[in-house]
Amino acid sequence: MYSYTSKEKKMMQYLLRGTLALGLAATLTWPVLSSAEVPEPLKIGADFPDFTLPDTTGKQHTLSQYKDKIVVFTFSTPECPCSRSVDGELAELAAAYADKDVVFYKVAVGQDAKAVGEYWEKNKVEAKVALDSERKASDAYWVDLIPHIVVIDKEGKVVRVAVGEDKVGAAL
């Protein structure tokens, strides 16, 4: 039978205490958190809430400035392999719809302007870029998995939500 060293015993005590402390903290804060306003997931046919996000140069963009256009948002990060895997399809779609009323936006979740700008420049991603450095938009729009693609019609209604490597072309 294995005998634990005193160092291992101490480590297990710390882990047990930490686990108990986290459990207690969660129990005490749950009533506060559960009463907070929680955003609803985006539903097909629902109005897409307006937003204001900066691009990599600091210029502010809003959804309302693209009224009467179809807007495709891809919430992603440069580090995510799944996010990078949809870049090819989105580049093809952007090229195919270049002369139509379709705007493609990559929304960089939790990233700073420098890192995002370097990645998009290096990989020649054909889309407008918006920064969601503080995750305000991604939290408001219920984005918890990336890539998260949302297609908005010309009336500002959600017509498609694709999570992961789901294809989005059919919604256009």
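Note that the structure is a prediction, hence the values are computed from the model and not measured.

About the criteria used
Residues numbered from 1 in each chain as written. Predicted model: local features only at pLDDT ≥ 70, side-chain atom pairs only at ≥ 80, totals over all residues. Heavy atoms only, no water. Helix = DSSP H or I, 4+ residues; strand = E, 2+ residues; numbered from the N terminus. Buried < 20%, exposed > 50% of the residue type's maximum accessible area, 1.4 Å probe, protein only. Contact = heavy atoms within 4.5 Å. Areas by Shrake-Rupley, 256 points an atom, 1.4 Å probe, with all protein chains shown as cover. 1 Å grid on protein atoms, 1.4 Å probe; cavity = no way out; pocket = protein on both sides within 12 Å on 5 of 7 lines; lining within 4 Å. Points joined across faces, edges and corners; volume = space filled by probe spheres on them. Nonpolar A, V, L, I, M, F, W, Y, C, P; charged D, E, K, R; others polar. Phe/Tyr/Trp six-rings, centres within 6.5 Å; stacked < 30°, edge-to-face > 60°. pLDDT = per-residue confidence, 0-100. Pairing = 2+ DSSP bridges. Axes fitted to C-alpha atoms, helices over the stretch in contact; angles between N-to-C directions. Salt bridge = Lys/Arg side-chain N within 4 Å of Asp/Glu carboxyl O.

### Notes on the overall build of the chain
Counting secondary structure elements, the chain contains 4 helices and 7 strands. The secondary structure elements of the chain, listed N-terminal to C-terminal, are α-β-β-β-α-β-α-β-α-β-β. With 172 residues in all, the chain has 35% of them scored as buried. In the chain, of all internal contacts separated by at least 6 residues, the share reaching a separation of at least 24 is 63%. Accessible surface for the chain amounts to roughly 10,800 Å². Of this, 58% is attributable to carbon and sulfur atoms.

### Examining the layout of surface pockets
By volume, the largest pocket is sized at about 170 Å³. Of the residues contributing to the lining of the largest pocket, the split by class is 4 nonpolar, 2 polar and 8 charged.

### A word on unusual backbone geometry
Phi angles above zero are rare outside glycine, and Asp68 is one such case at about 70°. By secondary structure assignment, the location of Asp68 is in the loop between strand E2 (60-62) and strand E3 (70-76).

### Focus on the packing of aromatic side chains
Inspection of every chain in the model, using the stated rule, returns 5 aromatic pairs. Put simply, the rings of Phe48, Phe51, Tyr66, Phe73, Phe75 and Tyr105 touch in pairs and so form one group of aromatic residues.

### A closer look at the confidence of the model for the chain
Overall, the prediction assigns the chain a mean pLDDT of 75, with 76% of residues at 70 or greater. Element-level pLDDT for the chain is lowest in helix H1 (residues 6-35), with a mean of 60, against a maximum mean of 86 in strand E6 (residues 148-152). Note on residues 30-36: pLDDT is under 50 here. Beyond four places in sequence and across chains, it has 0 contacts.

### Thoughts on the sheet that holds E3
Pairing within the open sheet is mixed, and its 5 strands lie in the order E5-E4-E3-E6-E7. Since the sheet does not close on itself, it has two edges, and those belong to strand E5 (128-132) and strand E7 (158-163), each with one partner. Mean inter-strand twist for the sheet, computed between neighbouring axes without regard to direction, equals 20°. Pairing of E3 with strand E4 (residues 102-109) involves 7 bridges; the strand directions are parallel. From the neighbouring strand, Val72 faces E4, where its bridge partner is Phe104. Along the sheet face, helix H3 (residues 113-123) touches E3, E4 and E5 and points at about 155° away from the line of E5.

### What about the pairing of E4?
Most of E4 sits out of view: 8 of its 8 residues are buried. Along E4, one buried face is formed by Val102, Phe104, Lys106 and Ala108 and the opposite face, lined by Val103, Tyr105, Val107 and Val109, is buried too. Examined bridge by bridge, E4 and E5 share 5 bridges and lie parallel to one another. Each residue of the ladder has a partner; that of Lys106, found in E5, is Val129.

### Section: the pattern of salt bridges
According to the stated counting rule, one finds 4 salt bridges in the structure shown. A salt bridge links Lys100 to Asp99, with the nearest nitrogen and oxygen atoms 3.5 Å apart. Taking relative accessible area as the criterion, Lys100 reaches 45% and is therefore assigned partly exposed. Close ionic contact of Lys154 with Asp101 constitutes a salt bridge, the shortest N to O distance being 3.7 Å. Of this pair, Lys154 sits in the loop between E6 and E7 while Asp101 is found in the loop between helix H2 (81-96) and E4, placing the two residues 53 residues apart along the sequence. Salt bridges linked by common partners bring Lys69, Asp101 and Lys154 together as one network.

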